[in-house]
Structures are given as C-alpha cells and as structure tokens.
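Here are the chains, one letter per residue:
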Amino acid sequence: MHPLFLDAQTVFGLVTAVVIIGFLLLMLFVSRYKKCPSDKIMVIYGNLKKNTDGSSKSADCIHGGARFIWPVIQAYQFLDLTPISISVDLTNALSRQNIRIDVPSRFTVGISTETGVMQNAAERLLGLQLNEIQELAKDIIFGQLRLVIATMDIEEINTDRDKFLEAITYNVETELKKIGLRLINVNVTDINDESGYIEALGKEAAAKAINDAKKTVAEKNRDGSIGEANAIRDQRIQVATANQLAVAGENENLGKISQTDASRREIQAESLRRATVAEKVAAAKALEDAYVAEQSAELARASRQKATLEADVVVAAQVAKQKLVIEAEASAEQARVKAKGEADAIFLKMDAEARGNLEILTKQAAGFMEMVKSAGGQPDAAIKMLIADKLETLVQIQVEAIKNLKIDKVTVWDNGNSKDGSTSTANFLSSLMKSIPPMNELFNMAGMELPKYLGNIKEEVPAQEAKVEPETK
C-alpha cells in the first residue's frame, strides 16, 4: 500500500485513541467525583495529605460539598447523621445514700458534625450499622448515668431535676464525643426506689404542706378574729368621737346659722333697696330710651318720606333726562348713519361718474390718437377732420339759438333808405342775425383756427390804434 495512505490511517488511529482515552478519563472523573448529601458525612481514606505536624492523616471528613476521589489510592464511605433514640431503663442504681433507685429515661444521640468529633466518628464508627452504634452508645450512657446517680442524694435527684439533667448531659456527652457522637436530648420519665424512701419523702412533703396549710388557715382565722374585734372597738370609739364632734359642731353651727340669718336678712334688705332703686332707674332709663327711640323713629320716618319724595320726583326727572339723552343719541346716531349713507352714495355716484368720464376721456383720447395716426401724425389735420365731422352740429346749434324766438309784434318806423341804400327793416334783421356768435369767434374762443377753406376774415384794426402804433414802436 502507498506510504501516504498508511500515514493517514495511522494518524486517524492515533486521533481515535486519544478521543477514546479522553472520553474514558472524563467518565472516570465523573464517576469518581462524589457529592456528599446534607444528612451524611463522607469519609475519604487512603493516600491522603499529611497533617501540618507531619503525622499521617487517617481520613478526611466532609459534611456537604463534593470531592474528587482518586481511583485505586483512595476510597470513601458515608456516615449517616440520622438521630438514634436509645431507651435506657436503669434499675438498682446506687445513690450516695446507698439507696437503690430506678431511673427510666430516653436518650437521643447522633453522629456529630463538629470538626474533631467527626474525625473520631470516622475512626471508630465507620462501617458499623445503626443498631451497633446504638448498643455502643447505650453502654456508655448506662455507665455515666450510674456514675452521676452515685454522686448525688435522692433529695437532689428528686427535687432538683435541672441539676440532675445537667450532670447527666455533661458526663454522657463527654464520653460520647470520644467515639464521635453527640447528645441531642435527655428525657427522664420517673424515679422510683425499692425501699419507698422517695414515696415517704413525698408523703412527708405532702403532710408538711397540709400542716403548713392548716397552720396558715388557723393563723389567718386568728388574725381575722382579732382584726374584727379591733375593728369593732375602733368603730365604737370613732362613733362616739364622731357623735361628740357632731354635737359640738351642731351647737357651733347653730350660732353661726343665727349670725348667718342676721347677715342674710341685712343683705336681703340691702339687696331689696338696691333692686328697687335699680328698677326705678331702669324704668326711667327705659322711658328715656323709648323717647330717644321715638325721636329716632320720627327722624327716620321723615327721612324716609323725604327719600320717597326725592325718589318720586328726582328719579322720574332723571329717568326722563336719561330717556331724552338716549333719544337724542339715537337721533344723532340715526342722522350720522343716514349722512354717512348719503355721503357714501354721493361718493359712489361721483366715483362712478368720474370713472365714466375717465373712461370716456380715455376712449376719446385713444380715438383721437387713432385719428392723429390716420392723419399721418398731424394733429391739425385731425382737428380739421373733427370740425368737419361736427360742422353740421355747430350750424344746427346756431340755428336753434333763434329758432324758437317768438316775436309777437315788431313795429318798425322806417323813414326811408339809409346812406348805403338799405332800409331800416333790413338792417334790423341783419343785426338780429349778427347777434348769433360767428363761427370764427367760436373757433377763437376754443383756441383753434378756422380752416382756410371755410373762409378767412381779416381783422379790422381801428384807426386810432393804427395811428398810435408807429409812435409806440
């Protein structure tokens, strides 16, 4: 086969081997990583680190948490923290008075989680079952309980239970710690003895209590009788004293009552006098106040009547005045509105006429401009055309001037012909026709010159002016 193919196959095999080894190592790590439950103690033993003083460590105890357990060189086991209830029925225990007693009790113990005590439990209880641990603890409790009872009197055991339980707890727990246990609870149910000493102590205590109670009752009865007699005596003494004091007080009070009656009558007389004077003064004051009130009422009535008259007259006049002012203001406002309307109407009319005249003049100017353009730009020619167009109208106007002239009667005294051979009647008619303004004069007044084709009138200069003219030059 080709060497290159062999090298690739070798590499693939190596990679596969590495992956398998890594997977195995991971599985080994996972399988050897142990977690400790909260109700157990994990004890690791085997090849462990040494203590700080160089001594070898027998085991590592872990309560909670987790730890990696090295394979082959290390192993682990669990100690159960479940409490163990032990019934200890101690009988014939000898007390310090050499009296044998029975002490039935129940102890509750468990493996301790204290650092040093856990190490003791790992060294002495690892691998034991709960019943074996229970029997071991029971033996220790029996021994320590007998020892405590031997150091105490029955009276102390029976009456001072706290001291008894404290001694049991101290001695038993000290011994249990040596094997890794701790005392959780002690419950002593009852204490008995074969000789009946405890029962006799109880009867003695009961009898003593009964006698003390009877004695107390008798003393209380005696004290009650003595107290009752003393109370009766004190009552009689106090009653007599009170009667004596009452009589003396009554006599003294009768004297004081007499004095008080005299003072009272004197005070009543003085009070009656003062009351009478006060009544008179009050009556006079009342009359005075009544007169003042009547005067004030009359003044008020007069003021009211005056005010009524003023209201009837003045208010009516003010109302009429106000009415006239309002009517005048209304008339003025109406006239003002009417004048404003008329002024606006006049303004609008004049504005319309002005706009009409402006429009006419504008059109006339535009027409005249067109006529000037038609006349070749010569204004004179355009004017002549206008005059020629209006000539008939002008002549008609002159004729109309005398057309409607009414002459009912004309009397002419004619004496014959004049120097030029004309009659007076002919001269009268000629003068009448000359009263009409000549056309040439009309043109002159308008600032225009009559066209030459209508005739040229030579102006006659007076003889006097002709004579003076050379001299002025």
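In this report, we go over the structure that sits alongside the text. (Residues numbered from 1 in each chain as written. Predicted model: local features only at pLDDT ≥ 70, side-chain atom pairs only at ≥ 80, totals over all residues. Heavy atoms only, no water.)

This part covers the pattern of salt bridges. Taken as a whole and judged by the stated rule, the model has 17 salt bridges. The closest approach of N and O atoms between K256 and E252, which form a salt bridge, is 3.2 Å. With a gap of 4 residues between them, K256 and E252 both fall in helix α6 (residues 197–374), about one helical turn apart. Of the residues examined, K256 reaches a relative accessible area of 43% and is grouped as partly exposed. One salt bridge connects R264 with D261, and the closest N-O pair in it is separated by 3.7 Å. Within this pair, R264 and its partner D261 are both found in helix α6, separated by 3 residues, close to a single helical turn. What makes D261 partly exposed here is its relative accessible area of 32%. When salt bridges that share partners are traced, they join E270, R273 and R274 into one network. (Salt bridge = Lys/Arg side-chain N within 4 Å of Asp/Glu carboxyl O. Helix = DSSP H or I, 4+ residues; strand = E, 2+ residues; numbered from the N terminus. Buried < 20%, exposed > 50% of the residue type's maximum accessible area, 1.4 Å probe, protein only.)

With that settled, consider unusual backbone geometry. We note that V72 has phi near 70°; this positive angle belongs to a residue other than glycine. Along the chain, V72 turns up in the loop between β4 (66–68) and β5 (74–80). A positive phi angle, near 55°, is found at N92, a position not held by glycine. With respect to the element layout, N92 can be found in strand β6 (residues 84–94).

On their own, these measurements won't tell you what the molecule is for.
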